[in-house]
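Okay, here's what each chain looks like letter by letter:
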Amino acid sequence: MSVSAVAADRSVCPPLPVLGRDVLVPLVTGGEVDYAALDYAASAPALQRVWDDVAAYAPYYGSVHRGAGYLSQLSTDLFENSRRTIEEFLGCRAEDQVVFTRSTTDSLNLLAAVLPGNTRVFVFETEHHASLLPWEQRLDVSVTYLNAPRTPQQAVDTLEKALAAREPYGPALVCVTGASNVTGELWPVRELAAAAHAHGARIVLDAAQLVPHHPVDLGELDVDWVAFSGHKLYAPFGAGVLAGRADWLRDAAPYLAGGGASRKVSRRTDGGVDVEWHTTAARHEAGSPNVIGAYAIASACRALAEAGFESLVAREQELIARLRTGLAEVPEVTVLSLFGDDAARVGVLSFVVEGWNSSHFAAALSAEYGIGVRDGLFCAHPLVRTLLGSAPQDPGECGAPDAAPGEKSLNAIRVSFGAGTPDEHVDRFLHAVKELVTNGARWNYRTEGGRCVPARSAD
């Protein structure tokens, strides 16, 4: 189902309960205010439902697989049932595997490790570093970086042309994001998957920013793998997922060697060891798994499914419209976009403010209004450089200001939200933006340790 189709259902639900909703933070100007968490794209707060489920299970925590005790057996059932819940949430096909990892980054590095030799990887320069960089770690894998497209159709055409021109013809993988972590814009995943498969390539979807905001179905999208992190999906307990085709995973050496991945180990007469590795997901899950992290992801999947993605998306689209309308009223604000104003998007938006260092602006939002956003290059340096029209050699670091407050710097401000965001937080943010642009900051700021922070006094 497309975002526009989902948003057409006007049954809008209230914000889902999340931890931290009533946390008070101090303001440099005096007093306290409840914290407005508008940095969901980095780490979303835990759903109250997830926290409650984890807390209820915690006393029963035990090691999984092979344990004879009751708690071990219970934990094993919970761990494997969590896998099945995630399979259902992602619309996995019968032959697919769900492998538990630490994060999206870990998932994509795992996939990079199991690629057949001499695989050609095609990736747009617009990707997050988690999906841009892992492929170069393999000396027997070649990477083709594709220029940033300016329309969804251009993305498909660019990929088609690159795949058609590849030589020699062998294994190939396309890596693409589902929703940009910088602009929030949705990519034409199904069309890119069709192009990849038409040219004998496989495709992996970086769904880190898509899965918290919109249904993701492997069968419907026709992607070979999907990767995402629990900490984006309201389950910040250190787990991630790689789900999809089993053959490359089954045929490659284990990502990590150790207990759990091995099915049988025996000594040879020459003094070495012979190892028979599992062919299931356990092959790449060596060591004691993060049971609580896996269970938290499954809990979040159930909570979102029960709330109804149709109503969640409809409410988020209302917040996006409110945000974009409010920012459009401030001429000094420029919203960053690849595909233009009419592009479908999730609740992630980046912008710059004329006359402001983005780190200074973000610091003022936090210190004077209790609003948490992100500034920098968002671990997507090539994309942000393209959107800001900078030269590749221009200085800039992720999250670090390069200029004094008030001076231009190569970074941007990102505001992001989701199922737990109340309307008031978006309204407060818009009020703060307009007030800062009109009246300036009420406090002095300095650069300290690579960050823009409030000075000791307003003078």
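To start, this report covers the structure provided alongside it. Everything numeric here is computed off the predicted structure, so don't read it as measured data.

**Some thoughts on the packing of aromatic side chains**
For step 1, the next point in the chain: Applying the stated criterion to the full structure yields twelve aromatic pairs.
For step 2, the next point in the chain: Ring centres of tyrosine 40 and tyrosine 234 lie 6.0 Å apart, and the angle between their planes is 75 degrees; on these two criteria the pair is classed as edge-to-face. Of this pair, tyrosine 40 sits in the loop between strand E3 (36–37) and helix H2 (48–57) while tyrosine 234 sits in the loop between strand E9 (225–229) and strand E10 (240–244), and the two are 194 residues apart along the sequence.
For step 3, the next point in the chain: Their ring planes at 70 degrees and their centres at 5.7 Å tell us that tyrosine 57 and tyrosine 295 sit as a pair that is edge-to-face. In this pair, tyrosine 57 sits in helix H2 while tyrosine 295 sits in helix H10 (residues 291–307), placing the two residues 238 residues apart along the sequence.

**Some points on the nonpolar core**
For step 1, the next point in the chain: Residues Ile86 and Leu90 are the most contacted members of the largest nonpolar core, which totals 87 residues.
For step 2, the next point in the chain: No other element matches H10, which puts ten residues into this core.
For step 3, the next point in the chain: Excluding anything up to four places from it in sequence, isoleucine 86 contacts Val98, Phe100, Phe228, Val241, Ala294, Ile297, Ala298 and Cys301.
For step 4, the next point in the chain: With 34 residues, the next largest nonpolar core counts Trp356, Leu365, Phe417 and Ala432 among its residues.

**Concerning the pattern of salt bridges**
For step 1, the next point in the chain: Evaluated as defined, the whole model comprises 26 salt bridges.
For step 2, the next point in the chain: A salt bridge links aspartate 96 to arginine 93; its shortest N-O distance comes to 2.8 Å.
For step 3, the next point in the chain: Overall, aspartate 96 belongs to the buried group, its relative accessible area being 8%.
For step 4, the next point in the chain: Its salt-bridge partner being arginine 202, residue aspartate 247 comes within 2.7 Å of it at the nearest N-O pair.

**With respect to the sheet that holds strand E7 (residues 172–177)**
Think of a sheet as strands paired side by side through backbone hydrogen bonds, with each pair either parallel or antiparallel.
For step 1, the next point in the chain: Reading across from one edge, E4-E10-E9-E8-E7-E5-E6 is the order of the seven strands in this open sheet, with mixed pairing throughout. Where the open sheet ends on each side, the last strands, each with one partner, are strand E4 (97–101) and strand E6 (142–146). Each adjacent strand pair in this sheet contributes to an overall mean axis angle of 20 degrees, direction not counted.
For step 2, the next point in the chain: Judged from the three bridges that link them, strand E8 (residues 202–206) and E9 form a sheet pairing that is parallel. Its bridge partner lying in E9, valine 204 is registered against tryptophan 225.
For step 3, the next point in the chain: The strands touched by helix H3 (residues 70–89) within the sheet are E4, E9 and E10, with E4 carrying the most contacts at an inclination of about 120 degrees.
For step 4, the next point in the chain: Lying on the sheet, helix H4 (residues 104–114) is in contact with E4, E7, E8, E9 and E10; it crosses E9 at an angle near 150 degrees.

**Some words on H10**
For step 1, the next point in the chain: Taking 1.5 Å per residue, 17 residues should reach 24 Å; H10 reaches 24 Å between its end C-alpha atoms and fits that length.
For step 2, the next point in the chain: By the criterion of burial, H10 is predominantly enclosed, with twelve of the 17 residues buried.
For step 3, the next point in the chain: All buried positions along H10 are accounted for by Val291, Gly293, Ala294, Tyr295, Ala296, Ile297, Ala298, Ser299, Ala300, Cys301, Ala303 and Leu304.
For step 4, the next point in the chain: On its buried side, H10 packs onto H2, H3, E4, E9, E10 and helix H11 (309–328).
For step 5, the next point in the chain: A positive backbone phi angle near 95 degrees is found at glycine 308, which sits one or two residues after H10.

**Points about empty space enclosed by the protein**
For step 1, the next point in the chain: One pass over the full model with this rule turns up three cavities of 30 Å³ or more.
For step 2, the next point in the chain: The calculated volume of the largest cavity comes to roughly 70 Å³.
For step 3, the next point in the chain: Taken together, Cys13, Pro212, His213, Phe309, Leu312, Arg315, Glu316, Gly418 and Ala419 form the lining of the largest cavity.
For step 4, the next point in the chain: Residue classes in the lining of the largest cavity are distributed as five nonpolar, two polar and two charged.

**Points about the state of the cysteines**
For step 1, the next point in the chain: Following the criterion strictly, the structure yields zero disulfides and no others.
For step 2, the next point in the chain: Free of any disulfide, cysteine 175 has its nearest neighbouring cysteine sulfur in cysteine 379, separated by 15 Å.

**A word on the packing of helix H12 (residues 358–369) against helix H14 (residues 423–439)**
For step 1, the next point in the chain: Between H12 and H14, the least distance of the axes is 11 Å, while the angle of their chain directions is 115 degrees. For the pair H12 and H14, the sense of crossing is right-handed. Of H14, the residues touching H12 (which contributes Phe361, Ala364, Leu365, Glu368 and Tyr369) are Arg428, Phe429, His431, Ala432, Val433, Glu435, Leu436 and Val437.
For step 2, the next point in the chain: A breakdown of the residues in the contact of H12 with H14 according to their chemical character gives nine nonpolar, one polar and three charged.

**So, the pairing of strand E14 (residues 348–353)**
For step 1, the next point in the chain: Burial of E14 is extensive: six of the six residues sit out of reach of the surface.
For step 2, the next point in the chain: Judged by which residues are buried, E14 turns out to be covered on both faces: Val348, Ser350 and Val352 on one side and Leu349, Phe351 and Val353 on the other are all buried.
For step 3, the next point in the chain: Pairing analysis gives three bridges linking strand E13 (residues 333–335) to E14, with the strands arranged antiparallel. Each bridged residue has a counterpart across the sheet, and for valine 333 the counterpart in E14 is valine 353.
For step 4, the next point in the chain: With four bridges connecting them, E14 and strand E17 (residues 412–416) associate as antiparallel partners. The residue of E17 that forms the bridge with serine 350 is arginine 414.

Cut-offs applied
- Residues numbered from 1 in each chain as written.
- Predicted model: local features only at pLDDT ≥ 70, side-chain atom pairs only at ≥ 80, totals over all residues.
- Heavy atoms only, no water.
- Phe/Tyr/Trp six-rings, centres within 6.5 Å; stacked < 30°, edge-to-face > 60°.
- Helix = DSSP H or I, 4+ residues; strand = E, 2+ residues; numbered from the N terminus.
- Core = buried A, V, L, I, M, F, W, Y, C linked by side-chain atoms within 4.5 Å.
- Buried < 20%, exposed > 50% of the residue type's maximum accessible area, 1.4 Å probe, protein only.
- Contact = heavy atoms within 4.5 Å.
- Salt bridge = Lys/Arg side-chain N within 4 Å of Asp/Glu carboxyl O.
- Pairing = 2+ DSSP bridges.
- Axes fitted to C-alpha atoms, helices over the stretch in contact; angles between N-to-C directions.
- Expected span 1.5 Å × (residues − 1).
- 1 Å grid on protein atoms, 1.4 Å probe; cavity = no way out; pocket = protein on both sides within 12 Å on 5 of 7 lines; lining within 4 Å.
- Points joined across faces, edges and corners; volume = space filled by probe spheres on them.
- Nonpolar A, V, L, I, M, F, W, Y, C, P; charged D, E, K, R; others polar.
- Disulfide = S-S within 2.5 Å.
- Left-handed = near helix turned anticlockwise from the far one by under 90°.

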